[in-house]
Amino acid sequence: MEIFQSLAEDQHEQVIFCSDKVAHLRGIIAIHDTTLGPAIGGVRMFPYSSEDEALKDVLLLSKAMTYKAAAVGINLGGGQGVIIGDPLKDKNELVLRAFGRFVQGLNGRYITAEDVGTTVEDMEIVRYETKYVMGLSRAIGGSGDPGPVTAIGLCSGLLACVEKALDKKTLEGVSVAIQGVGHVGYHLAQKLKEAGCRLIVSDIIAEKAEKARKEFGAEIVSPEEILGVEADVFSPCALGGVINAKTVEKFRVKIIAGPANNQLEDEKYGEILHHKGILYAPDFVIGSGGMINVANELGGYIREKAIKQATGIYDIMKKILEISGESDIPTYKAANILAKARIAEVKKFRQRHA
Ligand code: NAD
């Protein structure tokens with residue numbers, strides 16, 4: 001990868017390669033944009049097959065965090081950390097603390113939190129080395145697992161989509177195919193069940209799908225089948241890149257709405273969905289409940305306040321659908337317009353008052 005060319009294209013501010021031989025840490029921190037405030041973003045631990053793959057992921061994820069904060073009105077910038085390794089085998093106190101020291105070295109330009117492959121408990125270890133960590137446990141005044149609030153925000157955003165695409169006023173009777181019943185997917189299944197939805201789930205870990213079947217009466221299908229299931233909604237709750245050349249013709253749903261970051265492998269698939277008449281809820285908007293939850297730690301965490309803010313995703317989705325409808329543009333473009341407009345406004349304000 002031509003690193004500087006890539007940074008310039010997406011306007012990343014800074015990339016830090018973190019290496020600690022003793023702790024066996026190989027990590028990267030990317031700071032995309034700090035116009036709105038310090039960069040926030042989780043640290044993902046994943047067995048990337050190459051350094052290039054890890055770099056691409058951290059660059060994409062940090063950019064998505066900028067847009068997420070901007071679109072939903074949070075005064076934070078976008079960043080992300082990745083650690084190359086298998087969380088089941090390679091995660092330990094040494095590696096987490098070493099990562100924490102790099103975060104501390106940035107002196108608040110980047111605030112870390114949990115993400116795929118890391119947990120609230122891990123963040124308490126990272127905290128031994130840095131104060132720039134959020135998503136701590138509720139017991140010590142933190143915001144805890146963001147999964148439940150992400151799921152609440154998702155249901156609110158989904159309602160706006162259902163009103164538009166299915167012409168229904170509630171989620172009752174809506175069928176939802178959930179790919180991945182982990183932290184968010186599980187809580188989403190729970191909320192959707194309470195709202196009267198019919199659920200189809202899939203997970204590469206059989207016990208997780210089985211738990212959703214037992215607790216929520218969900219039908220289980222294989223990870224291959226979930227992409228082509230006939231339902232009202234497909235909800236990607238696993239990893240990014242799920243909307244790609246191989247999958248885009250498979251979907252037999254009217255709405256795609258889930259929290260997985262960077263679902264469109266390329267923006268052209270957002271255009272294709274638009275032309276096919278599938279309503280795509282931009283992931284960085286509909287999945288922003290977790291960021292909203294964590295950001296609430298800054299002013300002293302109050303759960304009710306975080307939940308209320310997450311339910312506001314309904315109004316933001318409405319606005320995006322309005323922009324998309326008025327100009328006949330794909331929803332991802334409408335969301336980008338909204339996010340970029342806020343960043344540009346703040347930049348202009350700063351320049352005027354510099
Ligand atoms: P998680 O790791 O807890 O859950 C993901 C689940 O997907 C796991 O159970 C995994 O086994 C399963 N999975 C992986 N590949 C699969 C496949 N091909 N088919 C079916 N299942 C598969 O992660 P999470 O915290 O629930 O996050 C899920 C996604 O949402 C991630 O992309 C994350 O970045 C994003 N996200 C999470 C939050 C949050 O609050 N946790 C907030 C916003 C966005």
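Fair warning: this is a prediction, and the values are worked out from it, not measured in the lab.

J.: Would you mind going over helix 14 (residues 331-352) with me for this structure?
T.: Residues spaced three or four apart along an α-helix face the same direction, because each turn holds 3.6 residues. Across its 22 residues, helix 14 extends 32 Å between first and last C-alpha, which sits within 8% of the 32 Å expected from 1.5 Å per residue. Those residues of helix 14 that sit buried are T331, Y332, A334, A335, N336, A339, R342 and I343. Contact partners of the buried residues in helix 14: strand 2 (25-33), helix 2 (51-71), helix 9 (268-276), strand 12 (279-280), helix 10 (283-286) and helix 13 (313-327).

J.: It is not clear to me how the sheet that holds strand 8 (residues 198-202) should be interpreted in this structure. Could you clarify?
T.: Note: strands within a sheet are paired through backbone hydrogen bonds, in either parallel or antiparallel orientation. Strand order in the open sheet made by the 6 strands is 9-8-7-10-11-12, with parallel pairing throughout. Two strands bound the open sheet, and with one partner strand each, they are strand 9 (219-220) and strand 12. Across 4 bridges, the pairing between strand 7 (residues 175-179) and strand 10 (residues 233-236) is parallel. Bridging from a neighbouring strand, Q179 pairs with P236 of strand 10. Sitting on the sheet, helix 7 (residues 183-194) touches strand 7, strand 8 and strand 10, and the angle it makes with strand 7 is about 170°.

J.: Just checking my understanding: could you explain the pairing of strand 5 (residues 77-84) for this structure?
T.: Looking down a regular strand, the side chains alternate between one sheet face and the other. Along strand 5, 8 of the 8 residues are buried, which leaves the element largely enclosed by surrounding structure. Burial along strand 5 is two-sided: the face carrying G77, G79, G81 and I83 and the face carrying G78, Q80, V82 and I84 are both buried. Where strand 2 lies against strand 5, 6 bridges are found, and the strand directions are antiparallel. Bridge pairing links I29 to G81 in strand 5. Bridge count between strand 3 (residues 39-40) and strand 5: 2 bridges; the pairing is parallel. Considered in strand 5, the bridge of I40 is made with G78. Relative to strand 5, strand 4 (residues 43-46) runs parallel, the two being bridged by 4 bridges. Along strand 5, the bridge assignment pairs M45 with I83. Between the parallel pair strand 4 and strand 5, the chain is carried across by helix 2, and the sense of this crossover is right-handed.

Basis of the calculations
Residues numbered from 1 in each chain as written. Predicted model: local features only at pLDDT ≥ 70, side-chain atom pairs only at ≥ 80, totals over all residues. Heavy atoms only, no water. Helix = DSSP H or I, 4+ residues; strand = E, 2+ residues; numbered from the N terminus. Expected span 1.5 Å × (residues − 1). Buried < 20%, exposed > 50% of the residue type's maximum accessible area, 1.4 Å probe, protein only. Contact = heavy atoms within 4.5 Å. Pairing = 2+ DSSP bridges. Axes fitted to C-alpha atoms, helices over the stretch in contact; angles between N-to-C directions. Right-handed = clockwise from strand over helix to strand, strands pointing away.

Remember, this is a structural readout, not a statement about activity or role.
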